[in-house]
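The chain contents come next:
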Amino acid sequence: DQQVKQNSPSLSVQEGRISILNCDYTNSMFDYFLWYKKYPAEGPTFLISISSIKDKNEDGRFTVFLNKSAKHLSLHIVPSQPGDSAVYFCAARDSGGSNYKLTFGKGTLLTVNP
Amino acid sequence: EPEVTQTPSHQVTQMGQEVILRCVPISNHLYFYWYRQILGQKVEFLVSFYNNEISEKSEIFDDQFSVERPDGSNFTLKIRSTKLEDSAMYFCASSQTGDNEQFFGPGTRLTVL
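Please read all numbers here as calculations on a predicted model, not as lab measurements.

Caption draft 1: Up close: the interface of chain B and chain A. In this complex, chain B contributes 17 residues to the contact, which on the side of chain A involves 20 residues. Taken together, both faces of the contact between chain B and chain A bury some 1700 Å²; the carbon and sulfur share is 59%. Looking only at chain B, the three residues that lose the most surface to chain A are Lys42, Glu101 and Phe104 of chain B, adding up to 32% of its buried area. If you look at where chain B meets chain A, you find one salt bridge. Put simply, Lys101 of chain A and Glu56 of chain B hold a salt bridge, and the shortest N to O gap is 4.0 Å. Broken down by element, the side of chain B that touches chain A gets its largest block of residues, four residues, from strand 4 (residues 31-37) of chain B.

Caption draft 2: Broad picture of the pattern of salt bridges. All names here are of chain A. Here the structure, examined in full by the defined rule, presents four salt bridges over all chains. Salt-bridge contacts for Asp84 lead to Arg61; the nearest nitrogen and oxygen are separated by 2.8 Å. With Asp84 in the loop between strand 8 (72-77) and strand 9 (86-93) and Arg61 in the loop between strand 6 (56-59) and strand 7 (62-67), this pair connects stretches of sequence that are 23 residues apart. On the accessibility criterion, Asp84 (2% relative accessible area) is buried.

Caption draft 3: Summary view of the sheet that holds strand 3 (residues 19-25) of chain A. Residue and element names in this part refer to chain A. Strand order in the open sheet made by the five strands is 1-3-8-7-6, with antiparallel pairing throughout. The outermost strands of the open sheet, each flanked by one partner alone, are strand 1 (4-5) and strand 6. Across six bridges, the pairing between strand 3 and strand 8 is antiparallel. When the bridges of strand 8 are listed, Asp24 appears paired with His72.

Caption draft 4: Structural context of the sheet that holds strand 8 (residues 75-79) of chain B. Residue and element names in this part refer to chain B. Pairing in this open sheet of four strands is antiparallel, and the strands run 1-3-8-7 from one edge to the other. A single partner strand is all that each edge strand has here, and the edge strands are strand 1 (5-7) and strand 7 (65-68). Within this sheet the neighbouring strands show an average axis-to-axis angle of 20°, counted without direction. Both strand 1 and strand 3 (residues 19-24) contribute to a ladder of three bridges, which runs antiparallel. Within the sheet, the bridge partner assigned to Thr5 lies in strand 3 and is Val24.

Caption draft 5: Up close: the state of the cysteines. This model, assessed by the stated rule, comprises two disulfides over all chains. One disulfide bridge connects Cys23 of chain A with Cys90 of chain A, the sulfur atoms lying 2.0 Å from each other. The chirality of the disulfide connecting Cys23 of chain A with Cys90 of chain A is left-handed, given an S-S dihedral of about -70°. Here the residue Cys23 of chain A occupies a position in strand 3, and Cys90 of chain A occupies one in strand 9, the gap between them amounting to 67 residues. Across the pair, exposure class does not vary: Cys23 of chain A and Cys90 of chain A are buried alike. Here Cys23 of chain B engages in a disulfide with Cys92 of chain B; their sulfurs sit 1.9 Å apart. Across the S-S bond linking Cys23 of chain B and Cys92 of chain B, the dihedral sits near -65°, which makes this disulfide left-handed.

Caption draft 6: Expanded view of the environment of Gln6 of chain B. All names here are of chain B. Structurally, Gln6 is set in strand 1. By relative accessible area, Gln6 is classed as buried at 8%. Each C-alpha atom, one on Gln6 and one on Phe61, is 19 Å from the other, the two residues being 55 residues apart in sequence. In this structure Gln6 touches Arg22, Cys23, Trp34, Tyr90, Phe91, Cys92, Gly105, Pro106, Gly107 and Thr108, once residues within four positions along its chain are discounted. A distance of 3.0 Å separates the side chain of Gln6 from the backbone nitrogen of Cys92, its partner in a polar contact. Within the structure, Gln6 has its side chain in polar contact with the backbone nitrogen of Gly107 (distance 2.9 Å).

Definitions and limits used
- Residues numbered from 1 in each chain as written.
- Chains lettered and ligands numbered in written order.
- Predicted model: local features only at pLDDT ≥ 70, side-chain atom pairs only at ≥ 80, totals over all residues.
- Heavy atoms only, no water.
- Contact = heavy atoms within 4.5 Å.
- Buried area = accessible area lost by both parts, 1.4 Å probe.
- Salt bridge = Lys/Arg side-chain N within 4 Å of Asp/Glu carboxyl O.
- Helix = DSSP H or I, 4+ residues; strand = E, 2+ residues; numbered from the N terminus.
- Buried < 20%, exposed > 50% of the residue type's maximum accessible area, 1.4 Å probe, protein only.
- Pairing = 2+ DSSP bridges.
- Axes fitted to C-alpha atoms, helices over the stretch in contact; angles between N-to-C directions.
- Disulfide = S-S within 2.5 Å.
- Polar contact = N/O pair within 3.5 Å; in protein donor to acceptor, adjacent residues only side chain to side chain.

Below you can see the structure in the form of structure tokens.
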């Protein structure tokens, strides 16, 4: 049951270039999306989120784009830095009723090379 | 910056034993969650807790699992009789409101032998 899919298990980019991480979802009830970063032996760290009423949200070097018709979102990191190397999880939520659980993708390992 | 803390960082137990995983959510948060990640798999929702009761639980959260907020600061996950397949990283999370972002703790690695 893969309601949130991150089809690229890994991505490698050069320092200073753009990193683009992709995520697709199948549940049309999802209305809030989040990106988390995770280092080994640590918990997921919240990065940025977007509500389904928007198509873009920006926070410093991080921008999330949402294409509802395609059920697709992406995280852009510009410029990429070696410290950005981590696993990035896309997560989604269906806010109907009192349901606040997050459904996660499998993650994409980003490696930023100096 | 306030953060979610979890203890212990690593728990080793024998199959059939009870374990209690502890979490201290961020102090002004009202919603609490447990997730787990089996090695190599994705992070999975277990349970959410608000106003001293479970608001939602997944099919994983069977009768062997229970949660409690015993005082004003701790949030615990108990597994009554552990199984080998309970071995995983268990993450606690909290959020200020139900529709805010959730902040995760560093996790407890549970190893069931």
